[in-house]
Amino acid sequence: MLPLAAGVYLVSQVLRAARRPDLPTYRDQDASGVFGDPALPTVRIVALGDSSVTAPGVEDLDDVWIRGLARSITDRYRVELISLAVGGARARDVIDGQLLEAVRLRPTVATVNVGSNDALRGVRLSAYERRLDTIVDRLTATGAGVMVWGVGDLGSIPRFPRSLQRLAASRSRAFDAAARTVALRYPGAVKIHAWGSDSSVRFYEEPDLWAGDLFHASDVGHRMLAEAAQSTFEAALAIGLGK
């Protein structure tokens, strides 16, 4: 848990970085769609979470990582992709505004991308873990394979001043560890391991992975994220199909 002073500093600096008038602002987008041959067996993917799913700044929706994963299995399945994600969502927001509908939809695979906003807005780590547990518990109870993304290295965000990057990295690492702890509690859940991977390092080194607002991933960044998530997605799909 962050000391109070560090938490106040984190939130104030994040808000300051968010108000830069020299950078563009992008809207949420809906990655939902239906893909593949209608004659094939149907797989339903339901995506919950934040702007990592709504993809502000991505020009071609087919580049959004969740669409990339959906399209990767259209040789075997007809895919219904339903995004419930809302930019800026925290775990509490997912519970209040997305979870009930996700359960009602009875997905084959549910993807959970939440935690970055919790980490950046001073939410207690214990509260995040408890809320994420509620989300994963209810989704796995439907029989879905649940893919938990966790929290990537927020210290790589170029919009943040250098003074904030180290704190953001430390905070996000702790939240990602909490997400891993939650996923390990459930046989129906799998987690992407992004920390220390090639993709994690590249977000520090390659400017073209970022959209023009220097906060969200670009088309190129999303395509790379899809590649990083592919094997974990296939594991979640196998769980959801009972294989």
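Cut-offs applied
- Residues numbered from 1 in each chain as written.
- Predicted model: local features only at pLDDT ≥ 70, side-chain atom pairs only at ≥ 80, totals over all residues.
- Heavy atoms only, no water.
- Axes fitted to C-alpha atoms, helices over the stretch in contact; angles between N-to-C directions.
- Helix = DSSP H or I, 4+ residues; strand = E, 2+ residues; numbered from the N terminus.
- Parallel < 35°, antiparallel > 145°, perpendicular 65-115°, else oblique.
- Left-handed = near helix turned anticlockwise from the far one by under 90°.
- Contact = heavy atoms within 4.5 Å.
- Nonpolar A, V, L, I, M, F, W, Y, C, P; charged D, E, K, R; others polar.
- Expected span 1.5 Å × (residues − 1).
- Buried < 20%, exposed > 50% of the residue type's maximum accessible area, 1.4 Å probe, protein only.

1. Focus: the packing of helix α9 (residues 198–205) against helix α10 (residues 219–240)
Two numbers describe how α9 lies on α10: the axes approach to 10 Å, and their chain directions differ by 165°. As the angle between them shows, α9 and α10 are arranged roughly antiparallel. In terms of crossing hand, the pair formed by α9 and α10 is left-handed. Two secondary-structure elements touch here, α9 through Ser199, Arg202 and Phe203 and α10 through Gly221, Met224, Leu225 and Ala228. Grouping the amino acids of the contact of α9 with α10 by side-chain chemistry returns four nonpolar, two polar and one charged.

2. Description of the packing of helix α7 (residues 125–140) against helix α8 (residues 162–184)
Viewed as axis vectors pointing N to C, α7 and α8 meet at an angle of 35°, and their least axial separation amounts to 9 Å. In the crossing of α7 with α8, the sense of the turn from one axis to the other is right-handed. Contacts between α7 and α8 involve Leu125, Tyr128, Glu129, Leu132, Asp133 and Val136 from the former and Ala174, Phe175, Ala178, Ala179, Thr181 and Val182 from the latter. Considered class by class, the residues forming the contact of α7 with α8 number nine nonpolar, one polar and two charged.

3. Observations regarding α7
For α7, spanning 16 residues, the distance from its first C-alpha to its last is 22 Å, which sits close to the expected 22 Å at 1.5 Å a residue. Within the span of α7, buried status applies to Ala127, Tyr128, Leu132, Asp133, Ile135, Val136, Leu139 and Thr140.

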